[in-house]
Amino acid sequence: MTGPSPRDDIRAMSGYHSPQVEVAVRLNTNESPFPPPTAWVEELAAVAGRTAWNRYPDREATGLRAVIASRHGVEPGNIFVANGSNEVLQTIMLAYGGAGRTVATFEPTYQMYAQIARVTGATVVSGERRDDHTLDAREVRRVVSEHSPSITMLCNPNNPTGTVEPRANLEALLGATDALVVVDEAYAEFSEWSAVPMVNQHPNLVVTRTFSKTLSLAALRVGYAIAPAAVVEALSVAVLPYHLDAFKQAATMAALGHVAEMNERVAVICSERRRIEEGLGALGLEVFPSGANFVLFRTDDAPAVWNGLLAEGVLVRDCSGWDRLAGCLRVTVGSGEENGIFLGALGRVLAGVRG
Ligand SMILES: *Cc1c(COP(=O)(O)O)cnc(C)c1O
């Protein structure tokens, strides 16, 4: 007996695959290795106690948007918040993409752009990056003029390569199109520059951020966009009413009272990132420079290395099956202890694989 048929395009897709395996050292999804501040966790009971559970939440997330706006020196009307930046991206695609429209990506990049674009009915076109994974301004202009995408996605720093995009390339992209340009800054805190100050100079520029990485709150599911007010209005039309629950709004506002503590950890992550880059280089591996909390590197036999690490209790991301990333694995920067375990395990695994 066969069940009801999903859309043909959905049936042809495979969904998001990052294995959730129970291991001692989990370095595969770019989470923070540090828990959020204890003081915040202790506030949560009071936050729950103050929540009017029988009422629908503030649909406009007024208080939360005001706090986020002041953090970035913009107006609350420039902020759209949702359940993780993936939901922000989905809402952008619902409002500006969809059937009959095209979404452009530059590969290799975050796979969810193409996935969400297709699920929401758009056509996806992929441009190429240079060998160093930065954008090529000529290729950007070619993609935009040939396909007139309604949305062009740029991930900076880029996941999974870690590449920090030269600012001139974003300027070239903005010069090439009046349609929406989305810069996903999930890792901006680890990087050298941000496009946030450019938002109010370009009516078509949106920057997305997340609480999942630097802010140690992947479990809470909160992300946001900094965007021109007209874009925020369009997103508010596309998103479901009351999509952001009352507890989450209040818990996130409370978390923003502890950003100084969370930001201190960025320096630790960046210095651990250098340690990993040097350790990988010392093992004779090709390492791609990273401005994020992860490092992409190339091995001769990625599946064997991935399995060998797993056997040692270390989970990394196998990117070797992606187009343009043959042989590549991506490791998230963990705690100092975890990174030591990873580098030690990798040395043993490579010795075995290389015979
Ligand atoms: C991790 C990540 C996100 C974050 O997604 P959330 O839904 O906010 O957890 C968004 N974009 C990129 C490129 C990421 O790597």
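Quantities reported herein were computed from a predicted structural model and do not represent experimental measurements.

Visitor: Teacher, can you tell me more about the packing of aromatic side chains here?
Guide: Each aromatic ring pair is summarised here by two numbers: the centre-to-centre distance and the angle between the ring planes. All chains considered together, the criterion is met by six aromatic pairs. Centroid distance Y187 to F294: 5.0 Å. Interplanar angle 80°. Geometry classified as edge-to-face. Here F294 lies in strand β10 (residues 294-298) and Y187 lies in the loop between β6 (180-184) and β7 (205-210), a separation of 107 residues in the sequence.

Visitor: Any chance you could explain the side chain of S194 here in plain terms?
Guide: With respect to the helices and strands, S194 occurs in the loop between β6 and β7. In this structure the side chain of S194 is engaged in a polar contact, spanning 3.0 Å, whose partner is the backbone nitrogen of V196.

Visitor: Any chance you could explain the sheet that holds strand β5 (residues 151-155) here in plain terms?
Guide: For sheets, the rule is that strands pair by backbone hydrogen bonds, running either parallel or antiparallel. Within the open sheet, the seven strands sit side by side as β2-β8-β7-β6-β5-β3-β4. Their pairing is mixed. Two strands close off the open sheet at either side, each with one partner strand: β2 (79-82) and β4 (123-128). Sheet twist, expressed as the average angle between the axes of neighbouring strands with direction ignored, equals 25°. Inspection of the sheet shows β5 paired to β6 by five bridges, in the parallel sense. Paired with L154 across the strands is V183, a residue of β6. Strand contacts of helix α7 (residues 167-176): β5, β6 and β7, with the helix running at about 160° to β6, the strand carrying the most contacts.

Visitor: Got a minute to help me understand the environment of A292 in this structure?
Guide: Note on placement: A292 falls in the loop between β9 (286-287) and β10. As for A292 and Y187, which are separated by 105 residues in sequence, their C-alpha atoms are 5.4 Å apart. Once residues lying within four places of it in the same chain are set aside, the contact partners of A292 are P157, G162, Y187, F190 and R273.

Visitor: Is there a simple way to think about the nonpolar core in this case?
Guide: Considering soluble globular proteins, one finds that nonpolar side chains tend to be buried as a cluster. Residues W40, I68, I79, V81, L170, V183 and F211 are the most contacted members of the largest nonpolar core, which totals 44 residues. In terms of nonpolar packing, the next biggest core, distinct from the first, is built from 32 residues, L27, Y187, V314 and A345 among them.

Visitor: So what exactly am I meant to see when it comes to the site of the ligand here?
Guide: Looking at the ligand, there are 14 residues lining it, with S85, D184, Y187, T210 and K213 nearest. Contact distances for the ligand include 3.0 Å between an oxygen atom and a backbone N or O atom of N86. One nitrogen or oxygen atom from the side chain of S212 is found 2.7 Å from an oxygen atom belonging to the ligand. Partitioning the shell around the ligand into residue classes produces five nonpolar, six polar and three charged.

Visitor: Is there a simple way to explain the side chain of S212 in this structure?
Guide: Relative to the elements of secondary structure, S212 occurs in the loop between β7 and β8 (223-226). Of the polar contacts made by the side chain of S212, one reaches the side chain of R221; its length is 3.4 Å. The contact partners of S212, leaving out residues within four places of it in the chain, are E31, S32, L217, A218, R221 and V222.

Rules used throughout
- Residues numbered from 1 in each chain as written.
- Predicted model: local features only at pLDDT ≥ 70, side-chain atom pairs only at ≥ 80, totals over all residues.
- Heavy atoms only, no water.
- Phe/Tyr/Trp six-rings, centres within 6.5 Å; stacked < 30°, edge-to-face > 60°.
- Helix = DSSP H or I, 4+ residues; strand = E, 2+ residues; numbered from the N terminus.
- Polar contact = N/O pair within 3.5 Å; in protein donor to acceptor, adjacent residues only side chain to side chain.
- Pairing = 2+ DSSP bridges.
- Axes fitted to C-alpha atoms, helices over the stretch in contact; angles between N-to-C directions.
- Contact = heavy atoms within 4.5 Å.
- Core = buried A, V, L, I, M, F, W, Y, C linked by side-chain atoms within 4.5 Å.
- Buried < 20%, exposed > 50% of the residue type's maximum accessible area, 1.4 Å probe, protein only.
- Near = heavy atom within 4 Å.
- Nonpolar A, V, L, I, M, F, W, Y, C, P; charged D, E, K, R; others polar.

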